[in-house]
Amino acid sequence: MLPDTPRVRSRLDLLYVVTREFNAGLDIDQVLNRVLAATLATVGVSDASLFLFNPQGQLENFFLISNFEVEKRRQPTLEGILDHGLVGWVKKHQEGAIIYDTSTDERWYRNESQHRFRKAKSAIAVPIKLPDQLI
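Note that the structure is a prediction, hence the values are computed from the model and not measured. Per-chain numbering applies: the sequence of each chain, read as written, is numbered from 1 onward. Per-residue local features of the predicted model are confined to residues with pLDDT of at least 70, and side-chain atom pairs are confined, for both listing and counting, to 80 or more; whole-chain, interface and lining totals are unaffected and use all residues. Hydrogens and water molecules were not included; the side-chain quantities draw on all heavy atoms of the structure.

Peer 1: Which residues make up the side chain of Thr102, and what values do they have?
Peer 2: A run of H or I in DSSP becomes a helix once it reaches four residues, and a run of E becomes a strand once it reaches two; helices and strands are each numbered from the N terminus. Considering the arrangement of structural elements, one finds Thr102 in the loop between strand 4 (97–99) and strand 5 (123–125). The contact definition used throughout considers only heavy atoms, calling two residues in contact when any of these lie within 4.5 Å. Apart from residues no more than four positions distant in its own chain, Thr102 is found in contact with Trp108, Arg110, Ala120, Lys121, Ser122 and Ala123.

Peer 1: So what about helix 2 (residues 28–43)? Which residues, and what values?
Peer 2: A turn of α-helix holds 3.6 residues, and therefore any two residues three or four places apart point the same way. Residue count minus one, scaled by 1.5 Å, sets the expected span of a helix. Along its 16 residues, helix 2 runs 22 Å from first to last C-alpha, staying within 8% of the 22 Å computed at 1.5 Å per residue. Each residue's exposure class comes from its accessible area (1.4 Å probe, protein chains only) as a fraction of the maximum for that residue type: buried when under 20%, exposed when over 50%, partly exposed otherwise. Of the positions making up helix 2, those classed as buried are Val31, Leu32, Val35, Leu36, Ala38 and Leu40.

Peer 1: Tell me about the sheet that holds strand 2 (residues 59–66), residues and numbers included.
Peer 2: Within a sheet, neighbouring strands are paired by backbone hydrogen bonds and run either parallel or antiparallel to one another. If DSSP finds at least two bridges between two strands, the strands pair. Read from one edge to the other, the open sheet built from 3 strands follows the order 1-2-3, with strand pairing classed as antiparallel. Lying at the two open borders of the sheet, with one neighbouring strand each, are strand 1 (48–53) and strand 3 (69–71). Taken pair by pair, the neighbouring strands of this sheet meet at an average axis angle of 20 degrees, ignoring direction. Two elements, strand 1 and strand 2, share 6 bridges in a ladder whose sense is antiparallel. When the sheet's bridge partners are listed, Phe51 is paired in strand 2 with Phe62. Lying over the sheet, helix 2 contacts strand 1, strand 2 and strand 3, oriented at roughly 40 degrees with respect to strand 2. Only the stretch in contact is used when fitting a helix axis, every axis being a line fitted to C-alpha atoms; angles between N-to-C directions are given from 0 to 180 degrees.

Peer 1: Describe helix 4 (residues 86–93), naming the residues involved and giving the relevant values.
Peer 2: Of all the positions in helix 4, only Leu86, Val87, Gly88 and Val90 are classed as buried. The secondary structure elements touched by the buried residues of helix 4 are strand 1, helix 3 (75–84), strand 4 and strand 5. Backbone geometry just downstream of helix 4 places Gln94 in the positive-phi region, at approximately 50 degrees.

Note that all results are geometric; they support no functional claim without further evidence.
Printed below as a string of structure tokens:
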């Protein structure tokens, strides 16, 4: 049996929310947005993104939450993130990555017009994979 700690309860609560959302019969985009928001709250951060790739490896959809609000990114910024950023690195290497200091890591995409993301001090990225495909 798991110890009864706030951290364990928080993770179990997240698992409950994720399961409930997937079983709610909503549009998959709504479900993924809600799951991402619940994960943010559980982990204790304000910004997160989810990039989804089709079987051919092309970007199919993405979700971005910044300061607890859903945002959209323009195509040039997305291309920069995919070509030169952490998401592109994780996609290429198909392994997770932790950046402790975004100001010194070459995997962190910097776009001077995107000043909101300059505040990021650290980042983590995790690939979600099927046996034969990166999602």
